[in-house]
Amino acid sequence: MSDDLRAEIARLRAGEADTPAEEGTTPTPAQWIRMWNDGTAEQRLKWASIVLANSEQAARCFQMDHEGRLADVDPLLRALQHPRLLLSGDENGGVGLHCRDHFDAGRPLAYYGDAHPDPEMTTVQTIPSLWAEAVKHLSTAHTVDTQSEKSGSESSNSRA
């Protein structure tokens, strides 16, 4: 084998691990390079396709701020589980959002469906909008409760 050929092989295999990663484990970068070098052309093309697709997806998640948006979901989940809030259906297929502490003669806090007969009623057209109204109510009418519940859930999570 010529010196040039040996040098080219050494250059191509530079950085790889002496041994491959164990089955079922995440490889180190050096083990990944070894896996790549040991793979067939078909395997390398498949891996490259997967890496490029994952990189594209990660870039979209970053651009769309998926991590930040997940933080916005927490108040909605708390509202969904809040013991003071309840829903009631009516004969027209609409849904009223009520608070046990703010009953106001049966008048809902917000209404999902066709326009509510009460012009002062907040009427929404989507379920997420109805829950957004619940979050708004909890954050304005129950600020002490929502803060203590939040800190209580954090402390119970820290004990887990």
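Right above here is the structure, for reference.
Cut-offs applied
- Residues numbered from 1 in each chain as written.
- Predicted model: local features only at pLDDT ≥ 70, side-chain atom pairs only at ≥ 80, totals over all residues.
- Heavy atoms only, no water.
- Helix = DSSP H or I, 4+ residues; strand = E, 2+ residues; numbered from the N terminus.
- Buried < 20%, exposed > 50% of the residue type's maximum accessible area, 1.4 Å probe, protein only.
- Contact = heavy atoms within 4.5 Å.
- Areas by Shrake-Rupley, 256 points an atom, 1.4 Å probe, with all protein chains shown as cover.
- Pairing = 2+ DSSP bridges.
- Salt bridge = Lys/Arg side-chain N within 4 Å of Asp/Glu carboxyl O.

S.K.: Hey, could you run me through the overall build of the chain in this one?
M.R.: Helix and strand content of the chain: six helices and four strands. Moving toward the C terminus, one meets the helices and strands of the chain in the order α-α-α-α-β-β-β-β-α-α. Within the chain, buried positions represent 18% of all 160 residues. Within the chain, residue pairs in contact and separated by at least 24 positions form 27% of the contacts whose partners lie at least 6 positions apart. Per element, the accessible surface of the chain, about 11700 Å² overall, is 55% carbon and sulfur.

S.K.: How should I be thinking about the pairing of strand β1 (residues 85–89) in this particular structure?
M.R.: The two faces of a sheet get side chains in turn, since along a regular strand they alternate between them. With five bridges connecting them, β1 and strand β2 (residues 95–99) associate as antiparallel partners. The residue bridging Leu-85 from the neighbouring strand is Cys-99, located in β2. As consecutive antiparallel partners, β1 and β2 are separated by five residues, and within that stretch Gly-93 has a phi angle of approximately 90°, a positive value.

S.K.: How should I be thinking about the pattern of salt bridges in this particular structure?
M.R.: When charged atoms on two side chains of opposite charge get close, those side chains can pair. Inspection of the entire model under this criterion finds nine salt bridges. Notably, a salt bridge pairs Arg-11 with Glu-8, separated by 2.8 Å at the nearest N-O pair. Of this pair, Arg-11 and Glu-8 both sit in helix α1 (residues 3–13), three residues apart, which is roughly one turn of that helix. Residues joined by salt bridges that share partners form a network here, namely Arg-13, Glu-16, Arg-34 and Asp-38.

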